[in-house]
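Per-entry structural report
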Amino acid sequence: MTTLTRPAGHDPRSRLRETLASRADIARKVAAVTSLDRTALDAWAAEALAATVKHACRNSPFYAGAVPAEVARAVAQGRPHAFEAVPFTTRDHLSAAYPLGMLAVPRREVIRFDESSGTGNGRPIAAFFTMADWLENNLTVAGLLAAVLDRRDVVAIAVPYELAGVGQDLDRAVEILGCTIVPLGAASPSCTPDRMVDALLRSGATTLVCSGTRALFLGEIARRRGIDPRCDLNVSKILMAGEGASPAKKRRLAEQWDAVAYSMFGMTETNTLAMFCRERDLHLVESRTFFEVVDPQSGERLPDGSVGELAVTTLASRAMPLLRYRTGDVCQIEAAPCACGSPLRRLRHRGRIGDRIPVGDRWTSQLEIEDIVLSAMTTAPYYFAFDIDGDVLEIALPQSSSDEATRASVAAGVRDRLGASARFRLLDTDRFETALRTSAKPTMRNFSAYGGGGAAGEG
C-alpha cells in the first residue's frame with residue numbers, strides 16, 4: 001500500500017489559520033480604501049501609482065525592459081507629469097508576452113490563470129492573480145453590487161465560467177453578499193437557453209447576469225414557450241456584462257422583462273473596471289485602477305469630460321501589473337458628483353475603436369446603429385444584423401419587424417443621425433438564433449453574417 005507522508009514541520013491546521021488571517025487582513029484593507037472620500041482617495045491613488053510602477057519595473061520582465069529607468073525613478077519620486085512619460089501597453093504586447101512574460105511574482109504565488117481572446121486581435125492573452133489580487137477584487141465588487149443586491153436575491157449568472165474570470169469573479173462577489181446563486185454559464189451544451197429559462201422559473205431568480213443580447217434572446221425563448229418574463233418570472237434586475245448597451249437596448253429589456261437593466265464594465269486582464277450604482281450610473285473602480293482618457297492618435301492625456309481612448313493602470317494587481325494599458329474603448333469620464341453620493345467618477349462608454357464603422361463620409365458605431373434600430377422596433381424578437389455599402393446602411397430585420405412603419409422609422413433615424421440611406425432585407429432568424437445559442441459572448445456585431453433573406457425595400 002502506498003502511503004502519503006507529510007513534509008517535516010508541515011501543519012495543515014496552522015497553514016489554514018494563516019490563510020484565514022491573511023484574508024481577514026485583505027478584507028480590512030479593502031474596507032479602508034473603499035471608504036475614502038475623494039480627497040483621501042486621490043492621495044492614496046498617487047502613492048499606489050508610484051508603488052505599482054516601482055513593482056512592475058522591478059519584477060515584470062516586460063516592464064523592466066519597456067520603461068526607461070529614469071522615467072521609473074521620476075514616477076517613484078512623485079515628479080509632476082512624470083507618469084505621462086511611461087510608455088503605453090497594448091494588447092499586442094500582452095499577446096507577444098503570452099503566456100508568462102507579464103508575470104511579476106513567482107509562479108507559486110499565482111492562484112488563478114485566466115485567458116481570453118476577447119474583442120481585440122483574436123490572439124490569446126493570459127491574466128494572473130495572487131490570492132490578494134483575486135480576493136480584493138471579489139470584495140470590492142461585492143461592495144459595489146450591494147447597491148442593488150442583498151441576501152434576499154437569487155442571482156442567475158449566464159456569463160462564461162471557463163478560462164475568463166468574469167463568471168467566477170461575479171459568483172464569488174454575489175456569494176459574499178449571501179445571495180443564492182444559479183450558475184448557468186454561457187453556451188454550455190448541458191445548459192441550453194431553454195434550460196436556462198427553466199432554471200430561472202424553478203429557482204425564482206430575481207436577478208439575471210449576462211450580456212444584453214443574451215437577455216433579449218432568453219426573453220424571446222421564454223415568450224415562445226408561453227412564459228411571460230414580465231409576469232411568470234421574478235427577474236427584476238438585469239446586470240449586463242460582456243458588451244456595451246445602447247439606451248434603446250436597455251428600454252427593450254425593461255419592457256420585455258419588467259426589469260431594471262444595469263451596466264458593468266471590465267476585462268479579463270484587469271478584472272472589474274466600472275460598476276453601476278443605484279442611480280444606474282457607471283462608476284469607475286478607482287480603488288483598484290488609475291484611469292486616463294487619451295487621444296487615440298497622439299496619446300496625449302485629455303481632461304475629464306473629453307471623449308477619447310480609455311487607458312488603465314492597475315493599482316492592486318501584483319501578479320500582473322499593467323501600466324497605461326490602452327483598452328481600445330472609446331470613453332468619457334465625468335467628474336461631477338453623482339446623486340448616489342459616491343466619490344467615484346462616472347464613465348460614459350461610447351463603444352470600441354475597433355468597432356468604428358464608416359458610413360459615407362462619417363463614422364458611426366455599433367451602439368449608435370443599435371440605438372437607431374431597436375428604438376424603431378416594436379415587436380419581438382429584438383435583434384437584427386447590418387452591413388455597410390458605401391453610404392448605405394443595409395439592415396436585416398426579422399419578419400415581425402419588416403412592416404412599412406418600422407422600416408420607415410429606421411430609415412428616418414439613419415438619415416437624421418447618420419446622414420445615410422437605409423436598405424432592408426429579411427433576417428435569417430433561424431441561423432441567427434443558432435449562432436446566439438452557441439456563442440459564449442453574444443453581441444449584435446457577432447452576427448452580421450447572418451442577414452440572409454432577400455431585399456425588402458429601401459428608405
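We now turn to the structure provided with this report. (Residues numbered from 1 in each chain as written. Predicted model: local features only at pLDDT ≥ 70, side-chain atom pairs only at ≥ 80, totals over all residues. Heavy atoms only, no water.)

1. Thoughts on the packing of helix 1 (residues 12–34) against helix 6 (residues 131–145)
Here helix 1 crosses helix 6 at 50°, and the two axes come no closer than 10 Å. As judged from the angle between their axes, helix 1 and helix 6 are oblique. Handedness of the helix 1/helix 6 crossing: right-handed. Residue-level contacts link Arg23, Ile26, Ala27, Lys29, Val30 and Thr34 of helix 1 to Met131, Ala132, Leu135, Glu136, Leu139 and Thr140 of helix 6. Tallied by class, residues from the contact of helix 1 with helix 6 come to 7 nonpolar, 2 polar and 3 charged. (Axes fitted to C-alpha atoms, helices over the stretch in contact; angles between N-to-C directions. Helix = DSSP H or I, 4+ residues; strand = E, 2+ residues; numbered from the N terminus. Parallel < 35°, antiparallel > 145°, perpendicular 65-115°, else oblique. Left-handed = near helix turned anticlockwise from the far one by under 90°. Contact = heavy atoms within 4.5 Å. Nonpolar A, V, L, I, M, F, W, Y, C, P; charged D, E, K, R; others polar.)

2. Side note on the pattern of salt bridges
One pass over the full model with this rule turns up 35 salt bridges. Across the salt bridge formed by aspartate 329 and arginine 352, the nearest N and O atoms sit 3.0 Å from each other. With aspartate 329 in strand 14 (residues 325–334) and arginine 352 in strand 15 (residues 346–352), the pair connects residues that are 23 residues apart, well separated along the chain. Between arginine 425 and glutamate 394 there is a salt bridge, with the nearest N and O atoms lying 3.3 Å from each other. (Salt bridge = Lys/Arg side-chain N within 4 Å of Asp/Glu carboxyl O.)

3. Details of the packing of helix 9 (residues 212–224) against helix 10 (residues 247–257)
Where helix 9 meets helix 10, the closest approach of the two axes is 10 Å, and the angle between their N-to-C directions is 30°. As the angle between them shows, helix 9 and helix 10 are arranged roughly parallel. The two elements helix 9 and helix 10 meet at a crossing, and its hand is left-handed. Here Gly212, Thr213, Ala215, Leu216, Leu218, Gly219 and Glu220 of helix 9 lie close against helix 10, whose contacting residues are Lys249, Arg252, Leu253, Gln256 and Trp257. Partitioned by chemical class, the residues of the contact of helix 9 with helix 10 number 5 nonpolar, 4 polar and 3 charged.

4. Here's the deal with unusual backbone geometry
Between tyrosine 98 and the following residue, proline 99, the backbone shows a cis peptide bond with an omega angle of 5°. Mapped onto the elements, proline 99 comes out in the loop between helix 5 (91–97) and strand 1 (110–116). Alanine 380 connects to proline 381 through a cis peptide bond whose omega is 5°. Within the element layout of this structure, proline 381 appears in the loop between helix 11 (366–376) and strand 18 (385–389). Even without being glycine, arginine 280 reaches a positive phi, approximately 70°. As for its placement among the helices and strands, arginine 280 is situated in the loop between strand 9 (271–276) and strand 10 (282–284). If you check the backbone angles, arginine 324 has positive phi at about 50° while not being a glycine. With respect to the helices and strands, the residue arginine 324 is situated in the loop between strand 13 (307–314) and strand 14.

5. Quick look at the environment of alanine 259
Structurally, alanine 259 can be placed in the loop between helix 10 and strand 7 (260–263). Sequence-distant contacts of alanine 259, that is, excluding residues within four places in its chain, are made with Val235, Ser236, Lys237, Ile238, Leu253 and Ala254.

6. Comments concerning helix 2 (residues 38–59)
Compared with an ideal rise of 1.5 Å per residue, which puts 22 residues at 32 Å, helix 2 spans 31 Å between its outermost C-alpha atoms and is within 8% of the ideal. Inspection of helix 2 places Leu41, Ala45, Ala48, Leu49, Ala50, Thr52, Val53, His55, Ala56 and Cys57 among the buried residues, and these make up the whole buried set. In this structure, the buried side of helix 2 is in contact with helix 3 (61–66), helix 4 (69–76), strand 11 (289–294) and strand 13. (Expected span 1.5 Å × (residues − 1). Buried < 20%, exposed > 50% of the residue type's maximum accessible area, 1.4 Å probe, protein only.)

7. Brief notes about the pairing of strand 6 (residues 237–240)
Burial along strand 6 is two-sided: the residues Lys237 and Leu239 and Ile238 and Met240 are all buried. As paired strands, strand 5 (residues 207–210) and strand 6 are joined by 4 bridges and run parallel to one another. Bridge assignment links threonine 207 to a residue of strand 6, and that residue is lysine 237. The β-α-β motif built from strand 5, the intervening helix 9 and the parallel element strand 6 has right-handed crossover chirality. (Pairing = 2+ DSSP bridges. Right-handed = clockwise from strand over helix to strand, strands pointing away.)

8. Quick notes on the sheet that holds strand 7
Taken in spatial order, the 5 strands line up as 4-3-5-6-7 in an open sheet, and their pairing is parallel. For this open sheet the edge positions go to strand 4 (180–183) and strand 7, each flanked by a neighbour on one side alone. If you compare each strand with its neighbour and ignore which way they point, the axes differ by 20° on average. Sheet strands in contact with helix 9 are strand 5 and strand 6, and its direction is about 125° off that of strand 5. Taken strand by strand, helix 10 contacts strand 5, strand 6 and strand 7, and its axis lies near 145° from that of strand 6.

9. Comments concerning the pairing of strand 19 (residues 392–397)
Across the 6 residues of strand 19, 6 count as buried, placing the element largely inside the fold. The alternating pattern of strand 19 places Val392, Glu394 and Ala396 and Leu393, Ile395 and Leu397 on opposite faces, both of which are buried. Strand direction decides the pairing type here: strand 18 and strand 19, joined by 5 bridges, are antiparallel. Paired with phenylalanine 386 across the strands is isoleucine 395, a residue of strand 19. Connecting strand 18 to the next strand, strand 19, in antiparallel fashion are 2 residues, including glycine 390 with a positive phi near 65°. As judged from the 6 bridges shared by strand 19 and strand 20 (residues 421–426), these two strands associate in the parallel manner. Looking at the pairing, leucine 397 lines up with leucine 426 of strand 20.

10. Thoughts on the side chain of aspartate 114
Along the chain, aspartate 114 turns up in strand 1. In this structure aspartate 114 comes out as buried when scored by relative accessible area, which is 2%. Among the polar contacts listed, one links the side chain of aspartate 114 to the side chain of arginine 112, at a separation of 3.0 Å. In this structure, aspartate 114 is in contact with Ile125, Ala126, Ala127, Phe129, Leu163, Ala164, Gly165 and Thr268, ignoring residues within four places of it in sequence. (Polar contact = N/O pair within 3.5 Å; in protein donor to acceptor, adjacent residues only side chain to side chain.)

11. As for the nonpolar core
Residues Leu184, Leu200, Leu208, Trp257, Ile395 and Val414 are the most contacted members of the largest nonpolar core, which totals 58 residues. Per-element accounting of this core gives the leading share, 6 residues, to helix 9. With sequence-adjacent residues up to four places away left out, isoleucine 395 is seen in contact with Val373, Phe384, Ala385, Phe386, Val410, Val414, Arg423, Phe424 and Arg425. Residues Ala56, Ala74, Leu284 and Cys331 belong to the second largest nonpolar core, which totals 46 residues. (Core = buried A, V, L, I, M, F, W, Y, C linked by side-chain atoms within 4.5 Å.)

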